[in-house]
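Descriptive structure summary
Residue strings, one per chain:
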Amino acid sequence: MQPQQICVSDHSVRQMGPPQTIESDDIAPALTAVMNGVAGHDQAEEADSKQDGSADAEDANEQEVIVIQDTGFTVKIQAPGTEPFDLQVSPQEMVQEIHQVLMDREDTCHRTCFSLQLDGNVLDNFAELKSIEGLQEGSLLKVVEEPYTVREARIHVRHIRDLLKSLDPSDAYNGVDCNSLSFLSVFTDGDLGDTGKRKKKGNELEQIDCTPPEHILPGSKERPLVPLQPQNKDWKPMQCLKVLTMSGWNPPPGNRKMHGDLMYLYIVTVEDRHVSITASTRGFYLNQSTTYTFNPKPANPSFLSHSLVELLSQISAEQQYANLLFCKLACKEIFCNYNKAAGFKKKLLAETGSIYVLNLFCNSRRFKNCMFVQKKKKNCWGGKEICILLARIHFDILWNIFTDPKSREVVLNACKAVGSISNTSFDIRFNPDIFSPGVRFPDDIQKQKQLLKDAAAFLVSCQIPSFVKDCLDHSSLPMDGATMTEALHQRGINVRYLGNVLEFVDNMPAKAQLEHIYRIGIGELITRCAKHIFKTYLQGVELSALSAAVSHFLNCLLSSFPDAVAHLPVDELVSRRKNRKRRNRVPGGGDNTAWASLTPSELWKNINSEAQSYYHFSLQCESVDQAVEKYGLQKITLLREISIKTGVQILIKEYNFDSRHKPAFTEEDILNIFPVVKHVNPKASDAFHFFQSGQAKVQQGFLKEGCELINEALNLFNNVYGAMHVEICACLRLLARLNYIMGDHPEALSNQQKAVLMSERVLGIEHPNTIQEYMHLALYCFANGHLSTALKLLYRARYLLLVVCGEDHPEMALLDSNIGLVLHGVMEYDLSLRFLENALAINSKYHGPRSLKVALSHHLVARVYESKAEFRSALQHEKEGYTIYKNQVGEAHEKTKESSEYLKYLTQQAVALQRTMNEIYKNGSNASIMPLKFTAPSMASVLEQLNIINGYSAYVSYKLLQLKTK
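Residues numbered from 1 in each chain as written. Predicted model: local features only at pLDDT ≥ 70, side-chain atom pairs only at ≥ 80, totals over all residues. Heavy atoms only, no water.

Comments concerning the overall build of the protein chain
Looking only at helices and strands, the protein chain has 34 helices and 18 strands in total. Out of the 966 residues belonging to the protein chain, those deemed buried represent 50%. Counting contacts in the protein chain only where the partners sit at least 6 residues apart, residues at least 24 apart contribute 68% of the total. If you sum the accessible surface of the protein chain, you get close to 47600 Å²; carbon and sulfur atoms cover 51% of it. (Helix = DSSP H or I, 4+ residues; strand = E, 2+ residues; numbered from the N terminus. Buried < 20%, exposed > 50% of the residue type's maximum accessible area, 1.4 Å probe, protein only. Contact = heavy atoms within 4.5 Å. Areas by Shrake-Rupley, 256 points an atom, 1.4 Å probe, with all protein chains shown as cover.)

Quick look at the structure:
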């Protein structure tokens, strides 16, 4: 069957579902990933069958994308006082977008009142570039300073204030005006340019400090909270001005307006110099006014500057105003201007063989039936389960065509089989209130009830087992409550089914390999129940007692102190009329102190009751200490989860949760509380389609075309969402991976650095995605020679993972393998072994002792023991790996042969060492000693192993490079 070609306009492409982030396994053949220890043995068996039928499958399901070039072009921009620079633009862009780029650039961000001119002609800000006559490749656009008006002067001053304010991180800590935190620069010492590179002294590597903090070492039980928001030791708060405000001499008198005066400013510099500035139509200059004397004439010497920043740079000896030119780089410019696309493209998209699962949203607490959009390549379900696959697919046309009774009987039977409420079409509608008490419906509701029952049965019998299977083979790997919720929703499972999921996991034979899922699920269930209770708890709290109430609730939830007593706030303001009878009292605004009577035992009793009634799950813990002991939870993880769910902001300090003599929290520890609002994000459908098409091209091996489409998606996402968005982060991550695979390591590093910054700002500094972004960036840093930086990033990722889910998680094995390999590369062998052996233990637990991942872990440990000349231990581990390879893939396989050769080499080295030792024992200092080969691992060999464990094997890179050249 040939795929159809459907012409779709650029602005009418329907969104067919969220973009799926591509992984390296998607790029490469599955079998290669398996041999590198990336996948399980079951996937290895499936890979051969997939390769046999890949040609037929691609013909049947291939997305055919035809791109019609709407070629972009490059123009030169000439701003006053700067060198011309090139800017890639698209014909569809407006002139206003170039204005915004200039206001975001580090060297022009202090300009606001200007026009763009081409050959002396002023360009209309709202004109599309393709409509401008004479604008072509290489055209020079001049930035021309325009006269100020009162409005433009106010805009300019406000813009300078924003620039000054951006240097102060307090807004980011408090979440004001969408500001957010990023700590990447603390670990990279700024931008990843020339800093942190591998340096040499003669032929030796310069000493690198590789010592990790004690609290992140394997086996450490310490979970400090202060490192979550690290501070650079050399960082000092930057202050460019003490005061920037409107002068008291405003507004200008009539005679001064005739001279062009628009407003007056009062400024106090860092040197404590008090100056008065005139904003005129021509720009800004110092005047002779003081606090008590009005003299608007220009000061001597006089400086007239079109930009306030330029004037301040003239009058301030500190010259700190030059930093303003770079202050937006960290928050916006780095994302907006790094990659203006070469042009927008329209496309023709064809897709066949796709069936979309019905989108079933339900708010009913009494009945659980929520499905989200999924995509299946084949119809693998039968019977009534097919009803989940059909979304109001009308067959009225078929009903009219099939006029004979037998044909119509087929349609009737089909409608009946899928539970359609219509006899002539597959019309499946879900009534979420059908089981609500007290609600009456005029129609026959039996079919509607049965439809809901069928959907719920399908979730319990099919989707939950499917989710657990995905977790068992690690194709789904949640790290916290949010990622588990996302994984459930992707399979159409509402969180109300969490109790069913936990029971299913608890009854699995392979429960030990799902321990991390069970632990995360229990923590999510407890904190969700606590959130439900917290909502009711707060309703009876007076506003002035809010911080005391929140701290008391957290003590009851997380503190080991058994007698948590609330401290009622003392009235700071004594009213003289306190005995007067209050009238018109607002409901709930009285002196309600019922919240203070809550005890830890009562709260945990309520949590158990809520878990049973809402999730139908029986919690067996009467206190937080019992929950920690029975389910292996961490109190710091529970604190993180409950804070995110309730919007509570607490002070960063070390809390003693385990003290039985005093509570962990006081009311001073509660800084703020934010509303947590559920919302649906708007979708940029055109950008999504470019992104998906790019993924499809990459999977087919057309890397260059895939990169172009991803760049187009990135450009569209920027235009729709602005500078920062989670989908832009996904584009950057994918571009970085493609750059790395194609051998462009510096570009991969650049894109991944932006992805990490954006992930921190958009998702959070400790979000699981941010942790993975840190790991990717560490790999690219190592490939670019930033060894010390790579280690710092990996240590940061390990600390964050410990806070989020603890050490006992499959992702920790990958992280520790990365750390161990980098430490091996810098010859820190003992430290390397601590991390690699921990990774081996975790892989053995969650993948089984006979898995290929465990074989690879044994090999990595053996390599370090070899470097330490401990050949007995090296042989022991390599024999374990060889046995696994031999049993899993056979003696003829390349991996088995490599392991066999390495065993021979280790045996030879061990024999040579033993002979040398015997010679020394026999002849002492007169012994004739043969030189032994104790060579440090080369960076190339370490990088090769890093590529293997992260899914970037040399074979994959080589094959993809071949495909790219074709």
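Notes on the packing of helix α25 (residues 745–762) against helix α26 (residues 768–783)
Two elements in contact, α25 and α26, have axes separated by 9 Å at closest approach and are oriented at 155°. By the criterion of interaxial angle, the relationship of α25 to α26 is roughly antiparallel. Here the hand of the crossing between α25 and α26 comes out left-handed. When α25 is examined against α26, the residues His745, Ala748, Leu749, Gln752, Gln753, Ala755, Val756, Ser759 and Glu760 are found in contact with a partner set consisting of Asn769, Thr770, Glu773, Tyr774, His776, Leu777, Tyr780, Cys781 and Ala783. Within the contact of α25 with α26, the residues separate by chemical class into nine nonpolar, seven polar and two charged. (Axes fitted to C-alpha atoms, helices over the stretch in contact; angles between N-to-C directions. Parallel < 35°, antiparallel > 145°, perpendicular 65-115°, else oblique. Left-handed = near helix turned anticlockwise from the far one by under 90°. Nonpolar A, V, L, I, M, F, W, Y, C, P; charged D, E, K, R; others polar.)

Some remarks on the packing of aromatic side chains
For the coordinates displayed, the defined rule picks out 17 aromatic pairs. Here tyrosine 148 and phenylalanine 284 contribute two aromatic rings whose centre-to-centre distance is 5.4 Å and whose plane-to-plane angle is 75°, an arrangement assigned as edge-to-face. Within this pair, whereas tyrosine 148 is found in the loop between β7 (140–145) and α6 (150–165), its partner phenylalanine 284 is found in strand β13 (residues 284–286), the two being separated by 136 residues in sequence. The class of tyrosine 148 is buried, set by a relative accessible area of 3%. For phenylalanine 284, a relative accessible area of 0% corresponds to the buried category. Taking the centre distance of 5.0 Å and the plane angle of 65° together, the rings of phenylalanine 534 and phenylalanine 553 count as edge-to-face. With a gap of 19 residues between them, phenylalanine 534 in helix α17 (residues 515–539) and phenylalanine 553 in helix α18 (residues 546–558) connect regions that are remote in the sequence. (Phe/Tyr/Trp six-rings, centres within 6.5 Å; stacked < 30°, edge-to-face > 60°.)

Considering the pairing of strand β4 (residues 85–89)
With burial as the criterion, only one face of β4 is covered, namely that bearing Phe85, Leu87 and Val89; the residues Asp86 and Gln88 on the opposite face remain uncovered. Across five bridges, strand β3 (residues 73–78) lies against β4 in antiparallel orientation. Counterpart to isoleucine 77 in the pairing with β4 is phenylalanine 85. The antiparallel pairing of β3 with β4 creates a hairpin that spans six residues between the two strands, and glycine 81 there sits at a positive phi of about 80°. (Pairing = 2+ DSSP bridges.)

A few points about the pattern of salt bridges
Enumeration over the complete set of coordinates arrives at 32 salt bridges. Notably, a salt bridge pairs glutamate 880 with arginine 850, separated by 3.5 Å at the nearest N-O pair. Of the two residues, glutamate 880 is situated in helix α31 (residues 871–889) and arginine 850 in the loop between α29 (829–847) and α30 (852–867); the sequence distance between them amounts to 30 residues. Judged by its relative accessible area of 33%, glutamate 880 is partly exposed. (Salt bridge = Lys/Arg side-chain N within 4 Å of Asp/Glu carboxyl O.)

Describing the environment of aspartate 86
Residue placement: aspartate 86 occurs in strand β4. Given the relative accessible area of 49%, aspartate 86 is considered partly exposed. The spacing of aspartate 86 and lysine 76 is ten residues in sequence and 4.6 Å in space, taken between C-alpha atoms. Leave out the neighbours within four places in its chain, and aspartate 86 touches Thr74, Val75 and Lys76. Separated by 3.0 Å, the side chains of aspartate 86 and lysine 76 make a polar contact. (Polar contact = N/O pair within 3.5 Å; in protein donor to acceptor, adjacent residues only side chain to side chain.)

Examining the nonpolar core
With 180 residues, the main nonpolar core has Ile607 and Leu619 as its most contacted residues. Sort the elements by how many residues they give to this core and helix α27 (residues 787–805) lands first, with 14 residues. When near neighbours in sequence (up to four residues on either side) are disregarded, isoleucine 607 contacts Ile526, Cys529, Ala530, Ile533, Leu557 and Leu619. Core analysis: the next-biggest nonpolar cluster, separate from the first, contains 26 residues, Ala153, Leu265, Leu308 and Val309 among them. (Core = buried A, V, L, I, M, F, W, Y, C linked by side-chain atoms within 4.5 Å.)

Brief notes about the sheet that holds strand β12 (residues 274–280)
Taken together, four strands build an open sheet; the order of strands is β10-β11-β12-β13 and the sheet is antiparallel. The open sheet is flanked by β10 (241–246) and β13, the only strands paired with a single partner. Geometrically, the sheet is characterised by an average inter-axis angle of 30° between neighbouring strands, direction not taken into account. In the sheet, β10 pairs with strand β11 (residues 261–269) via five bridges, with the strands oriented antiparallel.

Describing α29
Compared with an ideal rise of 1.5 Å per residue, which puts 19 residues at 27 Å, α29 spans 26 Å between its outermost C-alpha atoms and is within 8% of the ideal. Along α29, the positions that sit buried rather than exposed are Tyr829, Leu831, Ser832, Leu833, Phe835, Leu836, Asn838, Ala839, Leu840, Ile842, Asn843 and Tyr846. In the core, the buried residues of α29 are packed alongside α17, α27, α28 (810–825), α30 and α31. Within two residues after α29, glycine 848 carries a phi angle of roughly 90°, on the positive side. (Expected span 1.5 Å × (residues − 1).)

Some details on the packing of helix α22 (residues 685–699) against helix α23 (residues 703–721)
Taken N-terminus to C-terminus, the directions of α22 and α23 make an angle of 160°; their axes are 8 Å apart at the nearest point. The angle between the axes of α22 and α23 places the two elements in the roughly antiparallel class. The handedness of the crossing between α22 and α23 is left-handed. Contacts between α22 and α23 involve Asp686, Ala687, Phe688, Phe690, Phe691, Ser693, Gly694, Gln695, Lys697 and Val698 from the first element and Leu703, Glu705, Gly706, Leu709, Ile710, Glu712, Ala713, Leu716, Phe717 and Tyr721 from the second. Residue composition of the contact of α22 with α23, by class: twelve nonpolar, four polar and four charged.

Looking at unusual backbone geometry
In this structure, proline 251 follows asparagine 250 across a cis peptide bond, with omega equal to -10°. Within the secondary structure, proline 251 is located in the loop between β10 and α9 (254–257). Even without being a glycine, histidine 474 presents a positive backbone phi close to 65°. Position of histidine 474 among the secondary structure elements: in the loop between α14 (446–472) and α15 (481–490).

Here's the deal with α6
For α6, with 16 residues, the first-to-last C-alpha span of 22 Å sits near the 22 Å given by 1.5 Å per residue. Residues Ala153, His156, Val157, His159, Ile160, Leu163 and Leu164 constitute the buried set of α6. Looking straight down α6, one finds its buried side chains confined to an arc of 160°; they lie on one side. Summarising the contacts, the buried residues of α6 are in contact with α5 (95–104), β10, β11, β12, β13 and α10 (308–315). (Arc of directions from axis to C-beta.)

Comments concerning the sheet that holds strand β6 (residues 121–122)
Here five strands make up an open sheet; going across it, the order is β4-β3-β7-β5-β6 and the pairing mixed. Each of the sheet's edge strands pairs with one partner strand only, and the pair in question is β4 and β6. The strands touched by α5 within the sheet are β3, β4, β5 (114–118) and β7, with β5 carrying the most contacts at an inclination of about 125°.

Comments concerning the environment of glutamine 945
In this structure, glutamine 945 sits in helix α33 (residues 939–949). Spatially, the C-alpha atoms of glutamine 945 and asparagine 818 are 9.0 Å apart, while their sequence positions differ by 127 residues. Discounting chain neighbours no more than four positions away, the residues touching glutamine 945 are Leu821, Leu856, His859, Leu860 and Arg863.

A word on the environment of leucine 472
The residue leucine 472 is located in helix α14 in this model. In this structure the C-alpha to C-alpha distance between leucine 472 and isoleucine 517, which are 45 residues apart in sequence, comes to 9.1 Å. With near-sequence residues (within four places) excluded, leucine 472 lies in contact with Met508, Ala510, Gln513 and Leu514.

Digging into empty space enclosed by the protein
This structure, assessed with the given rule, holds five cavities of 30 Å³ or more. Together, 17 residues line the largest cavity, and Arg519, Ile520, Leu633, Thr637 and Val804 are the ones closest to its centre. Elements that contribute at least two residues to the lining of the largest cavity include exactly α17, α21 (635–646) and α27. If one sorts the elements of the lining of the largest cavity by residue count, α17 sits on top with five residues. Within the lining of the largest cavity, the residues separate by chemical class into six nonpolar, seven polar and four charged. (1 Å grid on protein atoms, 1.4 Å probe; cavity = no way out; pocket = protein on both sides within 12 Å on 5 of 7 lines; lining within 4 Å. Points joined across faces, edges and corners; volume = space filled by probe spheres on them.)

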